[in-house]
Amino acid sequence: MYEQLKEMIERKFQVPLADIEPTATLEDLGLDSLDVVELALIIEKETGVRVTDDELVEAADLGSLANLVMSRIAPV
Amino acid sequence: MTDVIPGSAGPAAGRHAVICGAGAWLPPRVVTNDDLARYLDTSDEWITSMTGIRSRHVVNPGMATGDLAAEAGALALKSAGLTEVDAVVLATTTPDHLCPATAPDVAARLGLAGVAAWDVSAVCSGFVYGLASGAGLIASGNADRVLLIGAEAFSTIINPDDRSTAVIFADGAGAVVLRAGSAQEPGAIGPCVLGSDGTHRDLICIPAGGARHRSAGTAMGEADHYFQMRGGEVYRHAVEQITACSRRALERAGLTVADVDRFVPHQANIRIAASVTERLEIPKDRQLSNIDTVGNTAAASIPLLLAQAAAAGELRAGHRVLIAAFGGGLTWGAATFTWPQITALTAHPAAGLSGASR
């Protein structure tokens, strides 16, 4: 899921892959509050998992966010 | 074009609503981002990057929605070459009074006392809702010509201390005239897709002043008398719903995204428009925009943009247009039409009257 998130961020916000690390926050990556909402929409569309903008903002870093999304993926 | 006697069009003329005139009016006072930054904790850079807005028009004290509506309505009638219509429909979030509706007064001021007149209340979706309403009136044979106006004095309901809304919403008015015609004519209104979700009614609201609060006798704070919006959540719903209803409107009209020459989204925020344009895969250069100089004018947004773009030659006869909006309620709507050969009239007192279409 971390790799998936990394790819989403690189694709949508043109953040260089080299700059994206598990310990980076969304703010570190240059995402503003509307970008965060966009990311939530992309996550929902591509993983089926719904996260609120508050949850995205409150996630400590990208690694934690990946864990949050993973934990919500419905078992198949 | 000579005046037509009301009701004389008859079944032979066709009962489809066709756009035959367009007008827009902005109050003369301009407020820039720097003006706002003088008293709000914000900056030109922040406002521009978050919303795309650089300046907006605001009414002077004493001017209200009915005034803007009458100006835009008069220009639209002139554009259509008409002095009479059978109905005046006014889409607004900021009526002159909670009661009565503002449309009858606007009709009277346009020399149209006696015609059907009502307000449409769907916040930023108001113009699309009003279009469905006016088109329906014509289709049912209850009117041959409708003046449809979107007008707002939004600055009058904004909390001046709330930087999240004070920098966004602004004043203005746009109008179109609809006449009965055939579905194949340029200007014929395609299927209107409308929707709502009242479970999210508190995302965009003015809490105080209506029957709910009065009946409950709840104490209301000063802020409750102002417009409030939960921006992040609204952004999310807006992107999803505008995308979805745009697709449905195209489908119902038998069109594909490739058929869209001009995408005219409600000018809420440049980021929402860009997000939707990208999701729909409409080429960016086909999306019209004027939010940088007029801000978010709610129900006036779409007709204002249509008239300005037509007057500037960016919207031309034959262009297939997709309009789409999302607003409080929640509400949303989309529709398609081909722009007709008309001269749209816009007036900005500083720049003077301009009209062009080719």
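Nothing here was measured: the structure is a model prediction, and the numbers come from that model. (Residues numbered from 1 in each chain as written. Chains lettered and ligands numbered in written order. Predicted model: local features only at pLDDT ≥ 70, side-chain atom pairs only at ≥ 80, totals over all residues.)

A short note on the overall build of chain A
- Looking only at helices and strands, one finds 4 helices and 0 strands in chain A.
- Counting helices and strands in the order they occur from the N terminus, chain A gives α-α-α-α.
- A compact globule built from 76 residues would reach a C-alpha radius of gyration of about 11 Å, and chain A, at 11 Å, matches this within 12%.
- With respect to the principal axes defined by its C-alpha atoms, chain A has extents near 35 × 20 × 20 Å. (Helix = DSSP H or I, 4+ residues; strand = E, 2+ residues; numbered from the N terminus. Rg over C-alpha atoms; globule rule 2.2 N^0.38 Å.)

Section: the overall build of chain B
- If you tally the helices and strands in chain B, you get 11 helices and 15 strands.
- Whereas a compact globule of 358 residues would reach a radius of gyration of roughly 21 Å, chain B reaches 19 Å, a difference of no more than 12%.
- The principal-axis extent of the C-alpha atoms belonging to chain B is close to 60 × 45 × 45 Å.
- Going through the 358 residues of chain B one by one, you find that 54% of them count as buried.
- Pairs at least 24 apart in sequence give 79% of the contacts found in chain B among residues at least 6 apart. (Buried ≥ 20, exposed ≤ 12 C-beta atoms within 10 Å, placed from the backbone. Contact = placed C-beta atoms within 7 Å.)

Here's the deal with the interface of chain A and chain B
- Each side of the interface is counted separately: chain A has 8 residues, and chain B has 7 residues.
- A per-element tally of the side of chain A that touches chain B places helix 2 (residues 33–47) of chain A first, with 6 residues.
- Here the residues of the side of chain A that touches chain B are counted per class, giving 4 nonpolar, 1 polar and 3 charged. (Nonpolar A, V, L, I, M, F, W, Y, C, P; charged D, E, K, R; others polar.)

Some thoughts on the environment of histidine 266 of chain B
All names here are of chain B.
- By the secondary structure assignment, histidine 266 is in the loop between strand 11 (262–265) and helix 9 (270–280).
- For histidine 266, a count of 34 C-beta atoms within 10 Å puts it in the buried group.
- Remark: the alpha-carbon pair of histidine 266 and asparagine 296, spanning 30 residues in sequence, is separated by 8.2 Å.
- Not counting chain neighbours up to four residues away, the residues in contact with histidine 266 comprise Cys124, Ser301, Ile302, Ala324, Ala325 and Phe326.

Description of the nonpolar core
All names here are of chain B.
- Residues Ala72, Val88, Ile149 and Ala173 are the most contacted members of the largest nonpolar core, which totals 134 residues.
- The element that contributes the greatest number of residues to this core is helix 3 (residues 65–80), accounting for 9 residues.
- Those residues in contact with isoleucine 149 that lie beyond four places of it in its chain are Ala69, Ala72, Gly73, Leu90, Ala91, Val106, Ala173 and Ala175. (Core = buried A, V, L, I, M, F, W, Y, C linked by C-beta atoms within 7 Å.)

Looking at helix 11 (residues 301–311) of chain B
Residues and elements named next belong to chain B.
- Among the 11 residues that make up helix 11, 11 are buried, leaving the element largely enclosed by the rest of the structure.
- Residues of helix 11 that are buried: Ser301, Ile302, Pro303, Leu304, Leu305, Leu306, Ala307, Gln308, Ala309, Ala310 and Ala311.
- One or two positions beyond helix 11, positive phi appears at glycine 313, with a value near 85°.

Digging into unusual backbone geometry
- The linkage connecting cysteine 99 of chain B with the following residue, proline 100 of chain B, adopts the cis geometry, with an omega of 0°.
- Mapped onto the fold, proline 100 of chain B is located in the loop between strand 4 (87–91) and helix 4 (103–109).
- Each neighbour pair has its own omega, and for glycine 329 of chain B with leucine 330 of chain B the value is -5°, a cis peptide bond.
- Position of leucine 330 of chain B among the secondary structure elements: in the loop between strand 12 (320–327) and strand 13 (331–338).
- The phi angle at glutamine 14 of chain A is positive, at roughly 55°, despite the residue not being glycine.
- Here glutamine 14 of chain A is to be found in the loop between helix 1 (2–13) and helix 2.
- A residue is classified by how many C-beta atoms lie within 10 Å of it, and glutamine 14 of chain A, with 8 of them, is exposed.
- Positive phi is not limited to glycine here, since glutamate 281 of chain B has a value of about 65°.
- Examined against the element boundaries, glutamate 281 of chain B turns out to sit in the loop between helix 9 and helix 10 (291–294).
- Accessibility expressed as a C-beta count within 10 Å gives 8 for glutamate 281 of chain B, which makes it exposed.

Concerning helix 5 (residues 126–139) of chain B
All names here are of chain B.
- With 14 residues, helix 5 should cover 20 Å at 1.5 Å per step; its first-to-last C-alpha distance of 20 Å lies within 8% of that length.
- Of all the 14 residues making up helix 5, 12 are buried; the element is thus mostly covered by neighbouring parts of the structure.
- Listing the buried residues of helix 5 in full gives Gly126, Phe127, Val128, Tyr129, Gly130, Leu131, Ala132, Ser133, Gly134, Ala135, Leu137 and Ile138.
- One or two residues past the end of helix 5 sits glycine 141, with phi positive at roughly 80°. (Expected span 1.5 Å × (residues − 1).)

Remarks on the environment of alanine 101 of chain B
Residue and element names in this part refer to chain B.
- Relative to the helices and strands, alanine 101 is located in the loop between strand 4 and helix 4.
- In this structure alanine 101 comes out as partly exposed when scored by C-beta crowding, with 19 C-beta atoms within 10 Å.
- With 235 residues separating them in the primary sequence, alanine 101 and threonine 336 have C-alpha atoms 28 Å apart.

Digging into the sheet that holds strand 8 (residues 193–196) of chain B
Residues and elements named next belong to chain B.
- Within the open sheet, the 4 strands sit side by side as 8-13-12-11. Their pairing is mixed. In the strand order of this sheet, the two ends are held by strand 8 and strand 11, each with one partner. Direction aside, the axes of adjacent strands within the sheet are offset by 10° on average.
- Direction of pairing for strand 12 relative to strand 13: antiparallel, over a ladder of 8 bridges. What sits directly across from glycine 327, in strand 13, is threonine 331.
- Relative to strand 13, helix 5 is tilted by about 60°, and along the sheet it contacts strand 8, strand 12 and strand 13. (Pairing = 2+ DSSP bridges. Axes fitted to C-alpha atoms, helices over the stretch in contact; angles between N-to-C directions.)

Remarks on the domain arrangement of chain B
Residue and element names in this part refer to chain B.
- The domain boundaries assigned to chain B delineate domain 1 (12–181) and domain 2 (193–340).
- When each unit is reduced to the centre of its C-alpha atoms, the spacing between domain 1 and domain 2 is 14 Å.
- Of the residues lining the interface, 46 residues belong to domain 1; the matching set on domain 2 comes to 44 residues.
- Elements that contribute at least two residues to the side of domain 1 that touches domain 2 include exactly strand 1 (16–25), strand 3 (55–58), helix 5, strand 6 (145–153), helix 6 (163–166) and strand 7 (171–181). (Domains from an automatic or database assignment.)

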